[in-house]
Amino acid sequence: MTDRRPDPEALLAQVREEERKAARGRLKIFFGASPGVGKTYAMLEAARARVREGADVVVGVVETHGRPETAALLQGLPALSRRSVEYRGITLQEFDLDAALERRPAIILVDELAHTNAPGSRHPKRWHDIEELLAAGIGVYTTLNVQHLESLNDVVAQITGITVRETLPDSVFDGADEIELADLSADDLLARLRQGRVYMPEQAAAAIERFFRKGNLIALRELTLRRAAERVDAQMRGYMREAGIRGTWPAGDRLLVCIGPNPTGARLIRAGKRMATGLKCEWRVAYVERPGQAVSEGERAALVANLQLAESLGAVTTTLSGLDAAAEILAYARQHNVTKIVVGKPTHPRWRDKLFGSLLDEVVRGSGDVDVYVITGEVVARARHRAEAGGGWATRGAPLAEYARAAAVVVAFLVVAAVVFRTLSLTDVAMLQLLGVVVVASRYGRGPSVFAALLTIALFDFFFVPPYYTFAVSDVRYLITFAVMLGIALVISALTLRVRAQAETARERERHTAALYAMSRELAGTRGRSNIAQAAGRQLEGTVGGGGQAQILLPDEGGRLEIPVGVPPAFPLDEKERSVAQWAFERGRPAGAGTDTLPAARALYLPLMGSGGPVGVVGVRAGDPKRLQDPGTLRLLEALAGQAAASLERVLLAERAQKEQVEAEAERLRTALLSSLSHDMRTPLGAITGAASTLLDDQGALPDGARRDLLRAILGESQRMNRLIGNLLDMIRVESGALEVQRDWQPLEEVVGVALIRLEERLKRHPVTVRLPPDLPLLWVDGLLLEQVFVNLLENAAKYTPEGTPVEISAVAADGQVVVDVADRGPGIPPGEEVRVFEKFYRVPGSVDQGGGGAGAGVGLGLTICRGIVGAHGGRIWAEQRSGGGAVFRFSLPLATPPAAVPGEPAGDEPSAREAAPAP
């Protein structure tokens, strides 16, 4: 039985895609073959239909091109004012992106998707503006002609003879939520042109002669219909996937385009995109970086541009590294189940294939079941590339200085060989000369190594083979010797170069690994956002080389990026740079130097992406700006930025969890406080209100005794409320650290006596026993605060023990401290609750006020206040079960050295507490 359970990963991906779409606006593209087919007209008609349905539709920018029927549809639609931009003395009217974001309509009309914005705009292209609108949740209606698609750029140029400069990535078109085709036959479009309904009559005549030829229009229409059909097919397959419609699908094709560091790669990429679109398959672009390979600045710039082009067309790009490019390509193809490989036709001389091997031949021979497509490069681009290279093969591979050094090494070994020539055999001299080739190969490139091998053979023949000092050879056997020496020299140089390249590869990988390890090790032991930002900045600066600078920016509570507190700025950030960083943070995409967004910025800004979105931005400035265009450097920067983001997110999650815990605790305490106050305040207030209303209603009928009892009740309940409020105030002082200890020399019996007097009424039903040793030393304490401790403990005993049960107070001095016990014979404390009874607002479950307060009486602050006061004196307090039943609350206070007697007073008299301080 076939397992028809849904794939969890597919379901998760579908949910994420639905969430992404729900947060974004919908993009609808009105697609046509050429100007004049009615794209803008159809867009305006659709907009008016949505207005009739009640949708909030606004015109952002619409170009009527003087067509009255199009302008008529604009009437009645609200429109945004355009933004004026001065450029070379000309005032240009551009779409106002900020006004659109502030207005936030449901749908906005933005004509001409491929339009290039005026210099100085936030984005270079209008489709960048539309991406920002969509990210803000605003729906967009826009128009597009087929010739503006990047993958069809060279095809359109071949058909029409005109190269379209304004293009946009196919990924923008493929990502549209809806495509509506505006179609018109070639004859009908030409008729409209002649009637002046597309351009003015004088412009129309020129257009018919050039772009709008019937053959061109037919071909463009075919391209448009094919591209629209592909889009419809993709929508159909997407619907099947979302609806869970299952079917039998064979293994799909996968395409791999292999490019090198030259301009011809752009043609290969566009061809690969067309093939992938026709096959409806995934496609990838790979570049093999060979260690030790010399790449000029122009070639590196072309490589970066090609990789960016591939990404904009929707390809997955990767950079491989290895000595054998063919082996790396085939291994990558098999790893990713590639079925078709696209490579460029060789343009170098045939002798290089004979001498160093052919990449194309190795790929074809090792491809097995994988199809290999060979596509020619552009002749113009190839010629330009050769012209830019200049100087021939020698200067491309290595500087002339290296060839000079190679010649110097060979001559040096020649001198040594000449010195020992008379004492060594000719074979030994040949080996000595070959050693010079090894030295050259170990220090310089392939070109100098081959040059050294040839020069060595020539000098060996000239100086050591008779007849001397001539290149003539008297014995033909020496020709075999020369050939063997040349072969050995070339093999030795090739092997030496390979070992050197492998060492360079290992060093590069070790550098990347060391950077990642150093970052992870430093961040693992770092706490705090500021410290993490500073540590990550140091590691990132080392990645971009000498003169590199890196700055981490983190959002404040309002979402505005700021340099973390305590972190010195790595480089100055003006408002323009901050706005670029803010854009990268809000959009979650790189911006600044080396990108398509705000490329005029002085730094590259990478968002620090966490699992829940950006957590910050890192700005990187390199001493050499070209380093930021190096794919390897960018990959390492992104990896390090990912580690920094993970560490920052860890701190943010910890802070959030702590904050939530504090908020939960505060809510619990607030609930407990309100619950306690609602009970403890209501009871005395009810008694006071009842007694007071009885006295007010009295018409003289109440006897004097009853009136006195009512007044006594009012007084008692008022005192009870006063104690409750006092406890709350004491708790606030303890919690806020505002508790001030006014120490004096105090005898403990006096403090206990005052507390008993204050609680005389509450303790009248409990026999109290006080046992204090007569030799108990004076205590260096705050008498009022210590009195409050006894009041709270004794009141607690009176409240929760039955009437008639005794309360005992005792103390003992030992080990430099006084330990005081307040014990009762009540129900005791449940096991395991001995520590919790000192927590704020905590009351033992089921406790009943035996003194008349009712079930659950008490706020639960008395013991907490005792703990705070005792702690402020340097002591501690705890609770224990009492043998025989009941509980004992015990606290200890440190003893200080008592003062000597004051002169002039009897020795037996105790000095005033304010007259002496304890001896140190």
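Source: prediction; values computed, not measured.

## Here we look at the overall build of the chain
Of regular secondary structure, the chain possesses 29 helices and 26 strands. The buried share among the 920 residues of the chain stands at 42%.

## What to know about the sheet that holds strand 19 (residues 768-771)
As summarised here, the arrangement of the 5 strands in space is 19-21-22-26-25, forming an open sheet in which the pairing is mixed. Of all strands in the sheet, those bounded by a partner on one side alone are strand 19 and strand 25 (876-881). Neighbour to neighbour, the strand axes of the sheet diverge by 15° on average, direction disregarded. Where strand 21 (residues 807-814) lies against strand 22 (residues 817-824), 8 bridges are found, and the strand directions are antiparallel.

## Points about the packing of helix 18 (residues 400-420) against helix 19 (residues 426-443)
Remark: helix 18 packs on helix 19, axes separated minimally by 9 Å, with the N-to-C direction vectors making an angle of 160°. For the element pair helix 18 / helix 19, the angle class is roughly antiparallel. As for the relative orientation of helix 18 and helix 19, their crossing is right-handed in sense. Residues Ala406, Val409, Val410, Phe413, Leu414, Val416, Ala417 and Val420 of helix 18 lie in contact with helix 19, whose contacting residues are Val429, Leu432, Gln433, Leu435, Gly436, Val439 and Val440. Considered class by class, the residues forming the contact of helix 18 with helix 19 number 13 nonpolar, 2 polar and no charged.

## Notes on the nonpolar core
In this structure, Ile108, Leu133 and Leu144 are the most contacted members of the largest nonpolar core, which totals 45 residues. Residues within four places of Leu144 in sequence aside, it is in contact with Ile29, Phe30, Phe31, Gly32, Lys39, Leu113, Ala114, Leu149, Leu168 and Phe173. Phe790, Ile809, Val820 and Val870 belong to the second largest nonpolar core, which has 40 residues in total.

## Things to note about the packing of aromatic side chains
If you walk through the whole model with that rule in mind, you get 7 aromatic pairs. Ring geometry for Tyr403 and Phe451: centres 5.8 Å apart, planes at 70°, overall edge-to-face. Of this pair, Tyr403 sits in helix 18 while Phe451 sits in helix 20 (residues 446-464), placing them 48 residues apart in sequence. The positively charged end of Lys28 is found above the aromatic ring belonging to Tyr141, 5.4 Å away from the centroid.

## Some words on the environment of Val870
Within the secondary structure, Val870 is located in helix 29 (residues 862-872). With 21 residues separating them along the chain, Val870 and Phe891 place their C-alpha atoms 7.4 Å apart. Apart from the residues lying within four places of it in its own chain, the contact partners of Val870 are Val789, Gly875, Arg876, Ile877, Phe891, Ser892 and Leu893.

## Focus on a nonpolar patch on the surface
There is a patch of nonpolar side chains on the surface, built from Val411, Val415 and Val419 and spanning about 270 Å² of accessible area. One can find Val411 in helix 18.

## Thoughts on the pattern of salt bridges
Counting across every chain of the model gives 36 salt bridges. As a salt-bridge pair, Arg126 and Glu94 come within 3.7 Å of each other at their nearest N and O atoms. With Arg126 in helix 5 (residues 126-135) and Glu94 in strand 4 (residues 90-94), this pair connects stretches of sequence that are 32 residues apart. There is no split in this pair, since Arg126 and Glu94 are both buried. Here the salt bridges do not stand alone but share partners, grouping Asp98, Arg122, Glu132, Glu586 and Arg587 into one network.

## A look at the packing of helix 28 (residues 783-800) against helix 29
Relative to each other, helix 28 and helix 29 sit at 150°, their axes nearing to 9 Å. Taken together, the axes of helix 28 and helix 29 lie roughly antiparallel to each other. Note on packing geometry: the crossing formed by helix 28 with helix 29 is left-handed. Mapping the contact onto sequence places Leu785, Gln788, Val789, Asn792 and Leu793 in helix 28 and Gly862, Leu863, Ile865, Cys866, Ile869 and Val870 in helix 29. Residues belonging to the contact of helix 28 with helix 29 are distributed by class as follows: 8 nonpolar, 3 polar and no charged.

## A word on the sheet that holds strand 12 (residues 371-375)
Hydrogen bonds between backbone groups are what pair the strands of a sheet, and the pairing can be parallel or antiparallel. Strands sit in the order 10-9-8-11-12 across an open sheet of 5 strands; the sheet is parallel. Across the chains shown, the open sheet's two edge strands, defined by having one partner strand only, are strand 10 (316-321) and strand 12. Adjacent strand axes in the sheet meet at a mean angle of 25° when their direction is disregarded. The sheet strands contacting helix 11 (residues 265-279) are strand 8 (254-259), strand 9 (282-289), strand 11 (340-344) and strand 12, and the helix crosses strand 8 at an angle near 175°.

## What to know about the environment of Gln539
Tracing the sequence through the fold places Gln539 in helix 22 (residues 529-543). Separated by 20 residues in sequence, Gln539 and Met519 place their C-alpha atoms 6.2 Å apart. Setting aside residues up to four positions removed in sequence, Gln539 forms contacts with Ala515, Ala518, Met519, Glu522 and Leu640.

## A few points about the confidence of the model for the chain
Model confidence for the chain is summarised by a mean pLDDT of 78, while 81% of its residues fall at 70 or above. Confidence drops under pLDDT 50 across residues 853-857; counting only partners more than four residues distant or on other chains, this segment forms 17 contacts.

## Comments concerning unusual backbone geometry
Not every positive phi belongs to a glycine, and Glu112 is a case in point at roughly 60°. Relative to the helices and strands, Glu112 is located in the loop between strand 5 (107-110) and helix 5. Even without a glycine there, the phi angle at Asp815 is positive, about 55°. By secondary structure assignment, the location of Asp815 is in the loop between strand 21 and strand 22.

## Here's the deal with the environment of Val440
Here Val440 shows up in helix 19. Classification of Val440 as buried rests on a relative accessible area of 0%. With near-sequence residues (within four places) excluded, Val440 lies in contact with Ala406, Val409, Pro448, Ser449 and Ala452.

## Here we look at helix 20
The terminal C-alpha atoms of helix 20 lie 26 Å apart, and with 19 residues this matches the ideal 27 Å at 1.5 Å per residue to within 8%. Among all positions in helix 20, only Gly447, Pro448, Ser449, Val450, Ala452, Ala453, Thr456, Ile457, Leu459, Phe460, Asp461 and Phe464 are buried.

## Let's talk about empty space enclosed by the protein
Enumeration over the complete set of coordinates arrives at 2 cavities of 30 Å³ or more. Empty space within the largest cavity amounts to approximately 50 Å³. What lines the largest cavity is Tyr287, Glu289, Arg300, Leu303, Thr319, Asp630, Pro631 and Gly632. Of all the elements in the fold, those that place two or more residues in the lining of the largest cavity are strand 9, helix 12 (297-312) and helix 24 (631-680). Here the lining of the largest cavity is composed, by residue class, of 3 nonpolar, 2 polar and 3 charged. By volume, the second largest cavity amounts to about 40 Å³. In this structure, the second largest cavity is lined by Ala33, Ser34, Val37, Leu184, Ser185, Ala186, Leu189, Leu217 and Arg221.

## Digging into the side chain of Arg284
Within the secondary structure, Arg284 sits in strand 9. Polar side-chain contacts of Arg284 include one of 3.2 Å to the side chain of Tyr332. Excluding residues that lie within four positions of it along the chain, Arg284 makes contacts with Leu255, Leu256, Val257, Val316, Tyr332 and His336.

## Some points on the pairing of strand 25
Two strands pair when backbone bridges link them, and strand 25 and strand 26 (residues 887-894) are joined in this way by 6 bridges, in the antiparallel orientation. Its bridge partner being in strand 26, Gln881 is matched across the sheet by Ala887.

Cut-off values and rules
- Residues numbered from 1 in each chain as written.
- Predicted model: local features only at pLDDT ≥ 70, side-chain atom pairs only at ≥ 80, totals over all residues.
- Heavy atoms only, no water.
- Helix = DSSP H or I, 4+ residues; strand = E, 2+ residues; numbered from the N terminus.
- Buried < 20%, exposed > 50% of the residue type's maximum accessible area, 1.4 Å probe, protein only.
- Pairing = 2+ DSSP bridges.
- Axes fitted to C-alpha atoms, helices over the stretch in contact; angles between N-to-C directions.
- Parallel < 35°, antiparallel > 145°, perpendicular 65-115°, else oblique.
- Left-handed = near helix turned anticlockwise from the far one by under 90°.
- Contact = heavy atoms within 4.5 Å.
- Nonpolar A, V, L, I, M, F, W, Y, C, P; charged D, E, K, R; others polar.
- Core = buried A, V, L, I, M, F, W, Y, C linked by side-chain atoms within 4.5 Å.
- Phe/Tyr/Trp six-rings, centres within 6.5 Å; stacked < 30°, edge-to-face > 60°.
- Lys NZ or Arg CZ within 6 Å of the ring centre and 35° of its normal.
- Patch = residues over 30% accessible without salt bridge, like charges linked within 9 Å, V, L, I, M, F, W, Y side chains within 5 Å.
- Areas by Shrake-Rupley, 256 points an atom, 1.4 Å probe, with all protein chains shown as cover.
- Salt bridge = Lys/Arg side-chain N within 4 Å of Asp/Glu carboxyl O.
- pLDDT = per-residue confidence, 0-100.
- Expected span 1.5 Å × (residues − 1).
- 1 Å grid on protein atoms, 1.4 Å probe; cavity = no way out; pocket = protein on both sides within 12 Å on 5 of 7 lines; lining within 4 Å.
- Points joined across faces, edges and corners; volume = space filled by probe spheres on them.
- Polar contact = N/O pair within 3.5 Å; in protein donor to acceptor, adjacent residues only side chain to side chain.

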